[in-house]
Amino acid sequence: MCGVMMVIGDVEKRLNKILEKEGALYFILIDPDEKNCIDIVKKVKDYADAIIMGGSIGITNLNEITKEIKEIIGDMPIILFPGNVDGLTPYADAVFFMSLMNSNNTYWTTMAPTLGAITIKKYNLEAIPMAYLGIEPIKRTAVGFVGEVNEIPQRKPEIAALYCLSAKYFGMRWAYLEAGSGAEFPVSNEMVAVSKRLSDINIIVGGGIRTPEVAYKKVISGADAIVTGTLIEDNPNMVKEMRDAIKKAGMEKIKMKENK
Ligand SMILES: CC(C)=CCC/C(C)=C/CC/C(C)=C/CC/C(C)=C/COP(=O)(O)OP(=O)(O)O
Ligand SMILES: O=P(O)(O)OC[C@@H](O)CO
Ligand SMILES: [Mg+2]
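All figures in this text were calculated on a predicted structure; none of them were measured in a lab.

Can you walk me through the site of ligand 1 in this structure?
Taken together, the neighbourhood of ligand 1 is formed by 19 residues, with Gly 55, Ser 56, Phe 81, Trp 108 and Ser 181 sitting nearest. Within the side chain of Ser 56, a nitrogen or oxygen atom sits 2.5 Å from an oxygen atom of ligand 1. Separating an oxygen atom of ligand 1 from a side-chain N or O atom of Ser 181 is a distance of 3.4 Å. Across the complex, the protein chains shield 91% of the 750 Å² of accessible surface that ligand 1 would expose by itself.

Would you mind going over the pattern of salt bridges with me for this structure?
Pairing between side chains of opposite charge can happen when their charged atoms approach one another. Going through the model one piece at a time under the given rule, you end up with 14 salt bridges. Measuring nitrogen to oxygen at the nearest pair gives 2.7 Å for the salt bridge that ties Asp 93 to Lys 70. Taken as a pair, Asp 93 in the loop between strand S3 (78-80) and strand S4 (94-100) and Lys 70 in helix H3 (residues 62-73) lie far apart in primary sequence, 23 residues in all. Overall, the relative accessible area of 27% leaves Asp 93 in the partly exposed class. When salt bridges with common partners are traced through the structure, they connect Glu 22, Asp 49, Arg 243 and Lys 247 into a single cluster.

Help me understand the UniProt feature "binding site: Mg(2+)" (unreviewed entry) in the protein chain in this model?
On the UniProt side, "binding site: Mg(2+)" (unreviewed entry) is annotated at positions that read Asp 31 and Ser 56 here. Taken along the chain, the residues just named run across 26 residues; in space they keep tight, none of their C-alpha pairs more than 9.2 Å apart. As for the lining of the largest pocket, the annotated residues named previously contribute Asp 31 and Ser 56. With respect to the element layout, Asp 31 can be found in the loop between strand S1 (25-30) and helix H2 (37-44). Aside from chain neighbours lying at most four places away, what touches Asp 31 is Cys 37, Gly 54 and Glu 233. Separated by 2.9 Å, the side chain of Asp 31 and the backbone nitrogen of Asp 33 make a polar contact. Along the polypeptide, Ser 56 turns up in the loop between strand S2 (50-53) and H3. Ignoring sequence-local partners within four residues, the contact set of Ser 56 consists of Ala 142, Val 143 and Val 146.

Explanation requested: the sheet that holds S1 in the structure shown.
Note: strands within a sheet are paired through backbone hydrogen bonds, in either parallel or antiparallel orientation. Around the barrel, which closes on itself, the 8 strands sit in the order S1-S2-S3-S4-S5-S6-S7-S8 with parallel pairing between neighbours. Taking each pair of neighbouring strands and ignoring which way they run, the sheet shows an average axis angle of 30°. Both strand S5 (residues 126-134) and strand S6 (residues 174-178) contribute to a ladder of 5 bridges, which runs parallel. Note that in S6 the partner of Tyr 132 across the bridge is Tyr 176. This element, helix H4 (residues 106-122), spans S4 and S5 of the sheet and lies at about 155° to S4.

Honestly, a nonpolar patch on the surface in this entry has me stumped. Any pointers?
A contiguous nonpolar patch, built from Val 85, Met 111 and Leu 115 and spanning about 250 Å² of accessible area, is present on the exposed surface. Since its relative accessible area comes to 41%, Met 111 is described here as partly exposed.

Any chance you could explain the environment of Leu 162 here in plain terms?
Inspection of the secondary structure assignment puts Leu 162 in helix H6 (residues 157-169). By relative accessible area, which is 53% here, Leu 162 ends up exposed. Each C-alpha atom, one on Leu 162 and one on Ser 199, is 7.9 Å from the other, the two residues being 37 residues apart in sequence.

Looking at this structure, I do not really get the site of ligand 2. What am I missing?
Near ligand 2, the surroundings consist of 13 residues, among which Tyr 176, Glu 178, Ser 181, Gly 182 and Thr 230 are the closest. Within the side chain of Glu 178, an N or O atom sits 2.4 Å from an oxygen atom of ligand 2. At 2.8 Å, a backbone N or O of Gly 229 approaches an oxygen atom of ligand 2. Here ligand 2 loses 97% of its free accessible area of 310 Å² to cover by the protein chains. The site holding ligand 2 turns out to be the largest pocket. At the level of secondary structure, the elements contributing two or more residues to the shell around ligand 2 comprise S6 and strand S8 (225-228). Of the residues belonging to the shell around ligand 2, the class tally is 4 nonpolar, 8 polar and 1 charged.

Hey, could you run me through the packing of helix H7 (residues 189-199) against helix H8 (residues 212-221) in this one?
The axes of two packed helices give the description: the angle between them and the distance between them. It is the contact of H7 with H8, at a shortest axis distance of 8 Å, that shows an interaxial angle of 25°. Comparing their axes, H8 and H7 come out roughly parallel. Crossing of H7 over H8 shows right-handed handedness. Taking contact as the criterion, the partners of Asn 189, Val 192 and Ala 193 in H7 are, on H8, Lys 217, Lys 218 and Ser 221.

Looking at this structure, I do not really get the side chain of Asn 202. What am I missing?
Position of Asn 202 relative to the elements: it lies in strand S7 (residues 202-206). The class for Asn 202 is buried, based on a relative accessible area of 13%. Excluding residues within four positions of it along the chain, Asn 202 makes contact with Asn 16, Leu 19, Arg 173, Trp 174, Ala 175, Lys 196 and Asp 224.

Cut-offs and rules
- Residues numbered from 1 in each chain as written.
- Chains lettered and ligands numbered in written order.
- Predicted model: local features only at pLDDT ≥ 70, side-chain atom pairs only at ≥ 80, totals over all residues.
- Heavy atoms only, no water.
- Near = heavy atom within 4 Å.
- Polar contact = N/O pair within 3.5 Å; in protein donor to acceptor, adjacent residues only side chain to side chain.
- Areas by Shrake-Rupley, 256 points an atom, 1.4 Å probe, with all protein chains shown as cover.
- Salt bridge = Lys/Arg side-chain N within 4 Å of Asp/Glu carboxyl O.
- Helix = DSSP H or I, 4+ residues; strand = E, 2+ residues; numbered from the N terminus.
- Buried < 20%, exposed > 50% of the residue type's maximum accessible area, 1.4 Å probe, protein only.
- UniProt positions renumbered as here; feature names shortened; annotations may be inferred.
- 1 Å grid on protein atoms, 1.4 Å probe; cavity = no way out; pocket = protein on both sides within 12 Å on 5 of 7 lines; lining within 4 Å.
- Contact = heavy atoms within 4.5 Å.
- Pairing = 2+ DSSP bridges.
- Axes fitted to C-alpha atoms, helices over the stretch in contact; angles between N-to-C directions.
- Patch = residues over 30% accessible without salt bridge, like charges linked within 9 Å, V, L, I, M, F, W, Y side chains within 5 Å.
- Sits in = over half its atoms within 2 Å of the grid points.
- Nonpolar A, V, L, I, M, F, W, Y, C, P; charged D, E, K, R; others polar.
- Parallel < 35°, antiparallel > 145°, perpendicular 65-115°, else oblique.
- Left-handed = near helix turned anticlockwise from the far one by under 90°.

Listed below in structure tokens is the structure:
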């Protein structure tokens, strides 16, 4: 076998299998610097398909927290969602190897992932290639500020779709449409739909998703994965309702495809 072939790893295979069977994924974002993150993980562990771990402003104790979380969640994968090169630990299973494609600063488009690459290799982390795309109103959130995002206007969904197509041609299998943690409003259904239609890569949607109804519509529109962070930090009891809505939409999407 020729060595240049990029092999899809176990975590990504597992996610793809769930997608095939259930039509949608639910990722819960855990900020390792949140003081009660372990309690949150205990409450949500039976409802997520993966824990994604990261923060945009500094990170401490990542090794210890990740080890502790891994013990609680068993074989559910922990995927790192690094805000910078310090967001890496060998105790996770995988990492979103991401480029913030619409940053104005080449540090966030290519330099941070490049500096992190050798650590990822040494830690034996599975790299999942992902375009990270900052969508309005991300400029008003921490990641938009830190990442110097040239935000994609919500009224121009075709721009997001073009980035997703570009990501696909770069070999990325995932694109994350991000409105920013705690965003006043999430990425529009239309933007999700055109991005999925044009690129047909796996679309993750996050930022400002606060109700099961909103999550349901994102999945029906074409989202393959939904991320919630703030909602679960504030109210972990919402996790079951959220999962149910995402999985219901996923199954409906599978049925719609079969009937086509
Ligand atoms: C692949 C490697 C090693 C690095 C990639 C580094 C890149 C491109 C980062 C993009 C810019 C960035 C700051 C991303 C942060 C993503 C993230 C972990 C967001 C989580 O939400 P927060 O922004 O922490 O929310 P709060 O601060 O509101 O809690
Ligand atoms: O905190 P929320 O608004 O759920 O956003 C989650 C995630 O998209 C942030 O990176
Ligand atoms: Mg945070």
